[in-house]
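# Secondary and tertiary structure notes
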Amino acid sequence: MVLLQGDDILPQLEAFAIAENIPAANFTGMGFVNMTFGFFDFTTKEFLPKAFKDVELASMNGTIAWQKGKVSIHAHGVVTDKNFNAFGGHILEGKVGTGSLEIMLLIHDKPLERKFEDDLGANVLCIDNCK
Amino acid sequence: MVLLQGDDILPQLEAFAIAENIPAANFTGMGFVNMTFGFFDFTTKEFLPKAFKDVELASMNGTIAWQKGKVSIHAHGVVTDKNFNAFGGHILEGKVGTGSLEIMLLIHDKPLERKFEDDLGANVLCIDNCK
Amino acid sequence: MVLLQGDDILPQLEAFAIAENIPAANFTGMGFVNMTFGFFDFTTKEFLPKAFKDVELASMNGTIAWQKGKVSIHAHGVVTDKNFNAFGGHILEGKVGTGSLEIMLLIHDKPLERKFEDDLGANVLCIDNCK
């Protein structure tokens, strides 16, 4: 999957998952992006965001699953700036920058589900332990 | 494979490899962890460790192989802190933090072996060149 | 695929792609390397390089495709130094350092092509939109 300048990464992956009716998938990616990461604050149960502009996406790892009939994407990434310094974390949103984004998806045969864990205040992937 | 809070990452992978009798595998992963990395000192042939607490695991790449009948896991990772700064290297040990860890394993048909290289003082994966 | 000390990473991948006649592939990797990254300057259309010596390759993600009959490799990576600080970006060249480099390749059935995009001054992977 190749995304081009201006493409919105997570919505594009979501649309692809729906269009191709993917049970579940893992993906990796790399390219040139504008990316917003969020660090989860366990007190407020909210993500504190920070945006990085015009950076290389040095790595991206994610999982496509489903939650109550909707696509649930969870992805982490590392970006690097013009001085080659690295930053990253949990991806809140990202768009392809001046260039492209190459994504490699590995589609699974069996569906994966996420469920909300009250204790954590976060969604957790479940394989055999989906209640 | 999904690990939950408190799970010890490398021993869990090792137990999985034994339980499923995996010939070899590569894996990627991402989640929220406490992780200790080690930088190999080629003079002393020892790893100098450093621990990072409550960090996002932005990427993890590793190989599961065998060495003299025992599971041999080699993994590298990148973690990011609440300021989104990135650190990483060779994983010595790690536990899942407040949250979860999603691991994607790609199982190989053929076994992989590691052997100890005296010159390096380190274990090296061998494919066709296992003496 | 396992590369050893002194091996030139991108030429080795290129030789492997030709020898095995690979239509296309994605790969991940980790090891100990000397690596030169480049940050693309969209004004001059040139990569500004920076070299990192004796560093762990914490992650590498890349794609092997073809362009006008020649192998076209695009790879990004993250390296970490002895203080566990992370740097990275677009890989210009790299050699295996004191140790080894483990590369996991996922070979695709269908060929992938890259083409030069005048607007970007860069090569872009094309899947269904190859003109």
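Residues numbered from 1 in each chain as written. Chains lettered and ligands numbered in written order. Predicted model: local features only at pLDDT ≥ 70, side-chain atom pairs only at ≥ 80, totals over all residues. Heavy atoms only, no water.

A few words on the overall build of chain A. Helix and strand counts for chain A stand at 1 helix and 7 strands. In chain A, the order of α-helices and β-strands from amino to carboxyl end is β-α-β-β-β-β-β-β. For a compact globule of 131 residues, the expected C-alpha radius of gyration is about 14 Å, and chain A comes in at 15 Å, within 12% of that figure. Principal-axis analysis of the C-alpha atoms gives chain A an extent of 45 × 40 × 20 Å. Expressed as a percentage of its 131 residues, the buried residues of chain A come to 56%. Taking contacts inside chain A between residues at least 6 apart in sequence as the whole, the part at least 24 apart equals 64%. Total accessible area computed for chain A in this model is approximately 6000 Å², and 51% of it derives from carbon and sulfur atoms. (Helix = DSSP H or I, 4+ residues; strand = E, 2+ residues; numbered from the N terminus. Rg over C-alpha atoms; globule rule 2.2 N^0.38 Å. Buried < 20%, exposed > 50% of the residue type's maximum accessible area, 1.4 Å probe, protein only. Contact = heavy atoms within 4.5 Å. Areas by Shrake-Rupley, 256 points an atom, 1.4 Å probe, with all protein chains shown as cover.)

It is worth spelling out the relation of the copies chain A and chain B at this point. Between chain A and chain B, the superposition needs a rotation of 120° and an axial shift of 0.0 Å, giving an RMSD of 0.0 Å. Taken together, these values place the two copies in the relation of a three-fold axis. Considering only C-alpha atoms, the part of chain A nearest the rotation axis is Ala 86 of chain A, at 3.1 Å. Looking at the interface residues of chain A, only 13% of them are also at the interface in chain B, so each copy uses its own face. (Least-squares fit on C-alpha atoms with pLDDT ≥ 70 in both.)

We now examine unusual backbone geometry. Residues apart from glycine generally show negative phi values, whereas peptide bonds are mostly found in trans. In this structure, Lys 68 of chain A is a non-glycine residue whose phi angle is positive, near 50°. Residue placement: Lys 68 of chain A occurs in the loop between strand 3 (46–67) and strand 4 (70–80).

Time to look at the interface of chain B and chain C. The interface is formed by 32 residues belonging to chain B together with 27 residues belonging to chain C. Around 2200 Å² of area is buried between chain B and chain C when both sides are counted, 69% of it from carbon and sulfur atoms. In terms of surface lost to chain C, no three residues of chain B exceed Phe 39, Asn 61 and His 76 of chain B, which account for 28% of the buried area on that side. Connecting chain B to chain C are 1 salt bridge. Taking the shortest distance from any N to any O, the salt bridge between Glu 102 of chain C and Arg 114 of chain B comes out at 2.9 Å. Connecting chain B to chain C are 8 residue pairs in polar contact (both at pLDDT 80 or more). (Buried area = accessible area lost by both parts, 1.4 Å probe. Salt bridge = Lys/Arg side-chain N within 4 Å of Asp/Glu carboxyl O. Polar contact = N/O pair within 3.5 Å; in protein donor to acceptor, adjacent residues only side chain to side chain.)

Next up on the list: the pairing of strand 7 (residues 122–126) of chain A. When a strand is regular, its side chains alternate between the sheet's two faces. Residues and elements named next belong to chain A. Examined bridge by bridge, strand 6 (residues 113–117) and strand 7 share 5 bridges and lie antiparallel to one another. In the sheet register, Lys 115 faces strand 7, and the bridge partner there is Val 124. The loop that links strand 6 with its antiparallel partner strand 7 comprises 4 residues; one of these, Gly 121, has a positive phi angle of about 70°. (Pairing = 2+ DSSP bridges.)

Right, let's get into the interface of chain A and chain B. Taken together, the contact between chain A and chain B spans 31 residues of the former and 27 residues of the latter. Summing both partners gives a buried area of about 2200 Å² for chain A against chain B, and 69% of it is carried by carbon and sulfur. Contact with chain B buries surface across chain A, with Phe 39, Asn 61 and His 76 of chain A losing the most and accounting together for 29% of the total. Summed over the shared surface of chain A and chain B, the result is 1 salt bridge. Inspection of the region where chain A meets chain B yields 8 residue pairs in polar contact (both at pLDDT 80 or more). The biggest single contributor to the side of chain A that touches chain B is strand 3 of chain A, with 8 residues.

So, on to the confidence of the model for chain A. A residue-level look at chain A finds 98% of positions with pLDDT of 70 or above and a mean pLDDT of 95. Confidence estimates for the predicted assembly give a pTM of 0.95 and an ipTM of 0.94. (pLDDT = per-residue confidence, 0-100.)

We now examine helix 1 (residues 9–19) of chain C. Residues and elements named next belong to chain C. Of the residues making up helix 1, those classed as buried are Ile 9, Leu 10, Leu 13 and Ala 17. Viewed end-on, helix 1 has its buried residues packed into an arc of 95°, placing them on one side of the element. Opposite its buried face, helix 1 presents the exposed residues Ile 18 and Ala 19, each directed more than 90 degrees away. Note on helix 1: the residue one or two positions beyond its end, Asn 21, has a positive phi of about 50°. (Arc of directions from axis to C-beta.)

Looking now at the relation of the copies chain B and chain C. The two copies are related by a screw operation: chain B maps onto chain C through 120° of rotation and 0.0 Å of translation along the axis, at an RMSD of 0.0 Å. Interface overlap between copies is the fraction of interface residues in one copy that are interface residues in the other; for chain B against chain C it is only 12%, indicating separate surfaces.

Before going further, it helps to examine the layout of surface pockets. The rolling of a water-molecule-sized probe over the atoms marks out the regions of remaining empty space. Taken as a whole, the largest pocket holds about 980 Å³ of empty space. In terms of lining, the largest pocket is formed by 38 residues, of which the most central are Met 1, Ile 103 and Leu 105 of chain A together with His 108 and Ile 127 of chain C. Among the elements that take part in the lining of the largest pocket, strand 5 (residues 86–108) of chain A stands out by supplying 6 residues, more than any other. Classifying every residue of the lining of the largest pocket by side-chain character gives 22 nonpolar, 11 polar and 5 charged. (1 Å grid on protein atoms, 1.4 Å probe; cavity = no way out; pocket = protein on both sides within 12 Å on 5 of 7 lines; lining within 4 Å. Points joined across faces, edges and corners; volume = space filled by probe spheres on them. Nonpolar A, V, L, I, M, F, W, Y, C, P; charged D, E, K, R; others polar.)

Our focus in this paragraph is the side chain of Ser 72 of chain B. You can see Ser 72 of chain B is positioned in strand 4 (residues 70–80). Residue class for Ser 72 of chain B comes out buried when judged on its relative accessible area of 10%.

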